[in-house]
Amino acid sequence: MLIGKFMTKPEPVQEVFIGAGGNRLIADRFGESGNPVLLLHGGGQTRHAWSGTAAALAAQGRVAYSMDQRGHGDSDWDPQGDYRHTAFAADLRLVATELARRHGAQPIAIGASFGGLIALFTEGLAVRDLGEGLFAALVLVDITLRTSDEGADKIRGFMRSNSLEGFASVDEAAEAVAAYMPHRPKPKSNKGLQKNLRQRPDGRWRWHWDPRFMDGEMRIDSDRQAVDPDLVKAAETLSVPTLLVRGASSELVHEEHAQEFLGLAKDAEYLDVAGARHMVAGDANDQFTSALSDFLNRAVPVEATV
């Protein structure tokens with residue numbers, strides 16, 4: 001069974017997890033049983049960014065959870081604005097442990113950008129603190145230990161713009177996104193974009209994430225910064241099947257950044273997706289989904305338990 005253009009994507013079931021601070025974490029579950037997969041969005045995104053991939057994984061016999069991280073989407077905003085990397089990692093450790101309990105198998109973690117960085121960091125902390133990791137496999141989508149200064153500044157600039165004042169309409173927000181990503185065709189409808197916005201009491205539309213997230217430790221090291229030692233250790237101690245996916249035209253992760261990571265995580269596989277920029281799954285969805293399925297079927301076959 002495949003999720004194609006002529007098939008209706010199954011409706012997900014909403015799940016609630018509890019994070020390290022008692023915070024509610026909202027996820028969409030696709031599928032009923034099978035190896036668990038946890039999909040983590042990038043900074044400033046929501047769980048809906050992974051809906052298509054989650055549905056495809058469920059169609060292959062896995063149970064996929066696409067989760068809003070703290071301060072994003074429908075998950076709780078932290079009252080104290082705690083968006084340090086350690087807070088995200090503490091949430092993720094609890095969710096991974098719960099998924100392993102439910103399904104009798106360690107989850108596969110698939111993270112885009114910031115989500116991938118947090119997955120890597122969390123795995124490293126678990127190995128350090130517990131002597132073993134949390135995940136059956138890792139897929140890191142367009143994120144490495146270091147990123148381009150120019151690309152990182154561009155992303156942060158877009159996220160900060162309009163984060164407080166918002167937009168007069170969804171159409172205005174769509175125009176801002178189109179200006180930021182001129183390479184991508186405009187969608188026929190803004191329905192998908194609306195899932196990433198909230199209309200506030202003043203009538204203006206604002207992004208579906210806490211603006212204070214930008215003041216936390218985003219943990220993305222750039223060319224002008226030393227690579228964080230915790231992330232270096234996490235990469236060096238990886239012992240689970242790992243796939244690094246880079247958009248060949250990524251404005252954030254360059255080839256030298258990928259090679260630096262692969263020099264540390266020596267057993268990791270690498271995929272360079274032609275025609276894709278930082279938003280790999282959105283820019284080249286078919287190629288990404290095919291490569292992801294191939295890797296997962298080899299690394300953690302559907303019938304396997306961990």
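Scroll up to find the structure.
So, a few notes on the structure that sits alongside this text. (Residues numbered from 1 in each chain as written. Predicted model: local features only at pLDDT ≥ 70, side-chain atom pairs only at ≥ 80, totals over all residues. Heavy atoms only, no water.)

1. Some details on the packing of aromatic side chains
Next up, step 1: Inspection of every chain in the model, using the stated rule, returns 11 aromatic pairs.
Next up, step 2: Relative to Phe-88, the ring of Tyr-83 has its centre 6.1 Å away and its plane inclined at 35°; by these criteria the two rings are tilted. For the pair Tyr-83 and Phe-88, one class covers both residues: buried.
Next up, step 3: With 6.3 Å between their ring centres and 75° between their planes, Tyr-83 and Phe-213 make a pair best called edge-to-face. (Phe/Tyr/Trp six-rings, centres within 6.5 Å; stacked < 30°, edge-to-face > 60°. Buried < 20%, exposed > 50% of the residue type's maximum accessible area, 1.4 Å probe, protein only.)

2. Quick word on the environment of Glu-172
Next up, step 1: Turning to its location among the elements, Glu-172 is positioned in helix α5 (residues 170-180).
Next up, step 2: Residue Glu-172 is classed as partly exposed on the basis of its relative accessible area, which comes to 34%.
Next up, step 3: C-alpha of Glu-172 to C-alpha of Gly-42: the two residues are 130 residues apart in sequence and 22 Å apart in space.
Next up, step 4: Those residues in contact with Glu-172 that lie beyond four places of it in its chain are Gly-166, Phe-167 and Arg-204. (Helix = DSSP H or I, 4+ residues; strand = E, 2+ residues; numbered from the N terminus. Contact = heavy atoms within 4.5 Å.)

3. Here's the deal with helix α8 (residues 255-264)
Next up, step 1: What α8 keeps buried is the set His-257, Ala-258, Phe-261 and Leu-262. Along the axis of α8, the buried positions cluster into a sector of 135°, meaning they face one direction only.
Next up, step 2: Packed against the buried residues of α8 are α3 (114-130), β6 (137-141), β7 (146-147), α7 (229-236), β11 (242-247) and β12 (269-273). (Arc of directions from axis to C-beta.)

4. Re the sheet that holds β11
Next up, step 1: Strand order in the open sheet formed by 8 strands is β1-β2-β4-β3-β5-β6-β11-β12, with mixed pairing between adjacent strands. Edge positions in the sheet fall to β1 (13-18) and β12, since each of these pairs with one other strand and no more. The sheet shows a mean angle of 20° between the axes of neighbouring strands, taken without regard to direction.
Next up, step 2: Across 4 bridges, β6 lies against β11 in parallel orientation. Bridge pairing links Val-141 to Val-245 in β11. (Pairing = 2+ DSSP bridges. Axes fitted to C-alpha atoms, helices over the stretch in contact; angles between N-to-C directions.)

5. Details of the packing of α3 against α7
Next up, step 1: The contact between α3 and α7 brings their axes to 8 Å, and the two run at 75°. It follows from the interaxial angle that α3 and α7 lie roughly perpendicular. Here Leu-117, Leu-120, Phe-121 and Gly-124 of α3 come into contact with α7, specifically with Asp-230, Leu-231, Ala-234 and Ala-235.
Next up, step 2: Residue classes in the contact of α3 with α7 are distributed as 6 nonpolar, 1 polar and 1 charged. (Parallel < 35°, antiparallel > 145°, perpendicular 65-115°, else oblique. Nonpolar A, V, L, I, M, F, W, Y, C, P; charged D, E, K, R; others polar.)

6. Some details on unusual backbone geometry
Next up, step 1: Its identity is not glycine, yet Ser-113 carries a phi of approximately 55°, on the positive side.
Next up, step 2: Inspection of the secondary structure puts Ser-113 in the loop between β5 (108-112) and α3.
Next up, step 3: Relative accessible area serves as the criterion here: at 11%, Ser-113 is assigned to the buried category.
Next up, step 4: We note that Asn-162 has phi near 65°; this positive angle belongs to a residue other than glycine.
Next up, step 5: Along the chain, Asn-162 falls in the loop between α4 (149-160) and α5.

7. Digging into the side chain of Arg-70
Next up, step 1: As for its placement among the helices and strands, Arg-70 is situated in the loop between β4 (63-67) and α2 (85-103).
Next up, step 2: Look at Arg-70 and you get buried, because its relative accessible area is 4%.
Next up, step 3: Within polar-contact distance, the side chain of Arg-70 engages the side chain of Asp-78 at 3.3 Å.
Next up, step 4: From its side chain, Arg-70 meets the backbone oxygen of Asp-82 in a polar contact 3.0 Å long. (Polar contact = N/O pair within 3.5 Å; in protein donor to acceptor, adjacent residues only side chain to side chain.)

8. Notes on the pairing of strand β2 (residues 24-30)
Next up, step 1: Of all 7 residues in β2, 6 are buried; the element is thus mostly enclosed.
Next up, step 2: The antiparallel pairing of β1 with β2 creates a hairpin that spans 5 residues between the two strands, and Gly-22 there sits at a positive phi of about 75°.
Next up, step 3: Pairing of β2 with β4, which is carried by 4 bridges, proceeds in the antiparallel orientation. Note that in β4 the partner of Asp-28 across the bridge is Ser-66.

9. Side note on the environment of Ala-168
Next up, step 1: Along the chain, Ala-168 falls in the loop between α4 and α5.
Next up, step 2: The class for Ala-168 is partly exposed, based on a relative accessible area of 45%.
Next up, step 3: Sequence separation of Ala-168 and Trp-205 is 37 residues, and the distance between their C-alpha atoms is 6.3 Å.
Next up, step 4: Among residues more than four places away in sequence, those in contact with Ala-168 are Gly-203, Arg-204 and Trp-205.

10. Focus: the environment of Glu-269
Next up, step 1: Residue placement: Glu-269 occurs in strand β12.
Next up, step 2: Taking the C-alpha atoms as reference points, Glu-269 and Val-139, 130 residues apart in sequence, are found 9.5 Å from one another.
Next up, step 3: Beyond its immediate sequence surroundings of up to four residues, Glu-269 is in contact with Thr-242, Leu-243, Leu-244, Leu-262, Phe-295 and Arg-298.
Next up, step 4: A polar side-chain atom of Glu-269 sits 2.9 Å from a polar atom in the side chain of Arg-298.

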